[in-house]
Amino acid sequence: MHLFKLYGKCSSTQRAILRSVKSFCEKELVPRVRSDYKNEHTDKTIFKKMGDMGILGPTIKEYGCLGESYMTYGLIAKEIESIDSGYRSMYSVQSSLVMNPISRYGSLDVKEKYLEHLKNGDYVGCFGLTEPNAGSDPSSMTTVAHETDTHYILNGTKTWISNAPIADVMIVWAKMNDVIHGFVLDREMKGISTPKIDGKLSLRTSVTGMIYLDDVSVPKTHKLSVIGMKGPFSCLNSARLGISFGVLGAAEACIQKTLSYAGDRVIFGEPLLKKQLFQMKMANMVSEYNLALLAAMHVAEHADNDTLHPEMISLVKRNSCEKSLYIARTCRDILGGNGISEEYDIFRHLCNLETVSTYEGTHDIHSLILGAHICKEKAF
Ligand code: TGC
Ligand code: FAD
């Protein structure tokens, strides 16, 4: 499966972290995943269990967080997503999109109020950027903030927000005098409602909702100290990198299941595993998997050495999602009719990967980011 001793460079600390994440996944997530998915159930205690392991906000170097590398973060995301993309979504929103902006741009007041609780998984966070009429183009958002003598007053609507219905803390992006700012909202503030979006046929272990803001009064210390779109985008860099590892966990799980299935499945008198067409499909999938993982690890090294260009992240987010979708679809096909059964998990991964390919910048958006870099001409 891993043709390049990909984990060869991991330190003993990284190996120990990954061993304990793997065992957490097997003990806590595997036994419940099919039922959570079928019943569209998101259990807040999963955050608490992740917090007890100390893996939330793993790159943060304060408030008792791990202070580990982006490589470690990516490999943790990959382990979690090998069980289900929804669990990884819960993990990465909390880590990259909530704890990260509070640590980077939050006031001391906000850090003291929230970071420890988010790290322990006692509080759940969400990140509200997308709006009903502003998805791929968040700069056209209409959520607004007005400054008064003592507070900011927020009005607007966010949609498709992971964790929103169960969130205690919300990072919300809004325009003030036409410039984008980030605010840390608390469930206790008056004027917030967060209805669940029902009827999702993908990512069903992770709850998604809206955020309605009706004259929400936010203390001055709850504004993040970053101005413009680089605020949300700098958080998305980290989350997108996590996704470029995470989806490969789902792909790896599909390949492993398919390999084992083909050893047992007898077709035209012998195991499917012995057929040339099957072996060619495996060679193609394992090649794409290894190349994608090598690329994600290379970009993580750049992130750790502070030599990252955001276009590198677009390249690996787009590539990992595309290749994982191709792998999941091929595995689904190899299992024939059984490929659509919940028992083999592959169809669930495939449905999840459709969402992961869309959020945090669609395939098209990352193509256009790369196109703008290559052609020096924006074509959005
Ligand atoms: P543009 O004019 O290109 O840039 C505006 C300002 O932002 C800066 N910037 C970045 N900074 C850091 N990192 C990046 N990756 C950056 N990209 C841009 C840029 O330098 C500029 O700064 P300044 O100081 O000059 O003002 O921006 P634009 O408005 O034209 O945007 C273009 C585009 C298409 C790239 C952008 O809108 C985009 O990425 N759209 C995709 C939207 C998206 O990804 N939404 C994600 C929502 S969150 C989510 O999906 C979470 S799901 C989580 C889960 O459940 O796991
Ligand atoms: P649109 O922007 O309407 O795109 C529609 C189509 O147009 C796509 O195919 C797109 O690629 C294409 N397109 C876009 N621009 C161009 C162009 N210039 N030229 C040609 N084609 C183009 N958002 C958050 O803020 N926080 C979250 O926690 C969050 N969680 C999510 C969880 C789930 C389950 C889902 C499904 C979404 C989540 N999102 C979240 C929203 C997500 O980021 C958006 O769905 C995504 O950015 C795309 O926006 P959109 O759905 O409005 O699609």
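Everything numeric in this text was worked out from a predicted model, so none of it was measured.

**Overview of helix α11 (residues 363-375)**
Between its first and last C-alpha atoms α11 spans 18 Å; for 13 residues at 1.5 Å apiece the expected length is 18 Å, and the two agree. All of the buried residues along α11 are I365, H366, L370 and A372. One side of α11 holds all its buried residues, which, seen down the axis, span an arc of 155 degrees. Exposed residues on α11 whose side chains face more than 90 degrees from its buried face are D364, I374 and C375. Among the structural elements, α7 (230-264) and α9 (310-334) are those in contact with the buried residues of α11.

**Description of the site of ligand 2**
In the neighbourhood of ligand 2, 19 residues make up the surrounding shell, with T130, S136, W160, T362 and D364 lying closest. The backbone of L129 places a nitrogen or oxygen atom 3.0 Å from an oxygen atom of ligand 2. Taking T362, its side chain carries an N or O atom lying 2.7 Å from an oxygen atom of ligand 2. Considering ligand 2 on its own, with 990 Å² of exposed area, one finds that the protein chains cover 66% of that surface. According to the grid-proximity analysis, the pocket containing ligand 2 is the largest pocket. Secondary structure elements with two or more residues in the shell around ligand 2: β3 (151-162), α10 (346-358) and α11. Grouping the amino acids of the shell around ligand 2 by side-chain chemistry returns nine nonpolar, eight polar and two charged.

**Observations regarding the pairing of β3**
Regular strands place side chains that alternate from one sheet face to the opposite one. Summarising the sheet, strand β2 (residues 144-147) and β3 pair through four bridges and their orientation is antiparallel. Paired with E147 across the two strands is Y152, which belongs to β3. Where β2 folds back onto β3 in an antiparallel hairpin, the turn is made up of three residues. For β3 and strand β7 (residues 208-219), the ladder comprises nine bridges, and the chain directions are antiparallel. Directly across from L154, in β7, lies its bridge partner V216.

**Regarding the layout of surface pockets**
Computed from the structure, the largest pocket encloses a volume of approximately 1200 Å³. T130, G135, Y359, E360 and G361 are the residues nearest the centre of the largest pocket, which is lined by 39 residues in total. Taken together, the elements giving at least two residues each to the lining of the largest pocket come down to α5 (85-105), β3, α7, α9, α10 and α11. Class assignment of the residues belonging to the lining of the largest pocket gives a composition of 18 nonpolar, 15 polar and six charged. Residue lining of the second largest pocket: 23 residues in total, with V30, S82, I83, A253 and Q256 positioned closest to the centre. Sorting the residues of the lining of the second largest pocket by element identifies α1 (12-29), α2 (33-39), α4 (70-81), α7 and α10 as the ones contributing at least two each.

**Looking at the site of ligand 1**
Taken together, 27 residues form the shell around ligand 1, and within it S89, S139, S162, N237 and R240 come nearest. The contact in question runs from an oxygen atom of ligand 1 to an N or O atom on the side chain of Y359, over 3.2 Å. Among the cavities detected, the one that contains ligand 1 is the largest pocket. Going through the elements one at a time, α5, α7 and α11 are the ones with two or more residues in the shell around ligand 1. Looking at the shell around ligand 1, its residues break down into 13 nonpolar, nine polar and five charged.

**Regarding the pattern of salt bridges**
Taken as a whole and assessed by the stated rule, the structure comprises 26 salt bridges. For the salt bridge of D198 with K196, the shortest nitrogen-to-oxygen distance reads 2.7 Å. Between K275 and E270 there is a salt bridge, with the nearest N and O atoms lying 3.2 Å from each other. For E270, a relative accessible area of 29% gives the class partly exposed. What emerges from the salt-bridge pattern is a single network uniting R34, D84, K257, D345 and R348.

Calculation criteria
Counting of residues starts from 1 at the beginning of each chain's written sequence and follows it residue by residue. Key to labels: chains lettered from A, ligands numbered from 1, both in the order written. Only residues with pLDDT of 70 or above have their local features reported here, since the model is predicted, and side-chain atom pairs are shown and tallied only from 80 upward, although totals for entire chains, interfaces and linings are computed over all residues. The side-chain values count all of the structure's non-hydrogen atoms but skip hydrogen atoms and water molecules. Helix numbering and strand numbering both begin at the N terminus, where a helix is a DSSP run of H or I of at least 4 residues and a strand a DSSP run of E of at least 2. The span you would expect from a helix comes to 1.5 Å times its residue count less one. Think of it in three bands: with a 1.4 Å probe and only protein chains considered, a residue is buried below 20% of the maximum accessible area for its type, exposed above 50%, and partly exposed in between. Here the arc refers to the set of directions running from the helix axis out to each C-beta atom. Contacts: residue pairs with any heavy atoms within 4.5 Å of one another. Summary of the distance rule: residues count as near a molecule or strand when at least one heavy atom falls within 4 Å of that molecule or strand. Each polar contact in these results corresponds to two N or O atoms within 3.5 Å; when the atoms are within protein, one needs to be able to donate a hydrogen and the other to accept it, and residues that are neighboring in sequence are counted only if both atoms are side-chain atoms. Values of accessible area rely on a 1.4 Å probe in the Shrake-Rupley scheme; residue burial ignores everything except the protein chains shown. Cavities and pockets were defined on a 1 Å grid built from protein atoms only: a cavity is a group of points that admits a 1.4 Å probe but offers it no way out, a pocket is an open group of points flanked by protein on both sides within 12 Å along at least five of seven lines, and a lining residue is one with an atom within 4 Å of any such point. By definition, a pocket or cavity contains a molecule when more than half of the molecule's atoms lie within 2 Å of the pocket's grid points. When residue character is reported, Ala, Val, Leu, Ile, Met, Phe, Trp, Tyr, Cys and Pro are called nonpolar, Asp, Glu, Lys and Arg charged, and the others, Gly included, polar. Here, any two strands with at least 2 DSSP bridges between them count as paired. Grid points are joined across faces, edges and corners, and a volume is the space filled by probe spheres set on the points. Note on definitions: salt bridges are taken to be side-chain nitrogens of Lys or Arg within 4 Å of carboxyl oxygens of Asp or Glu.

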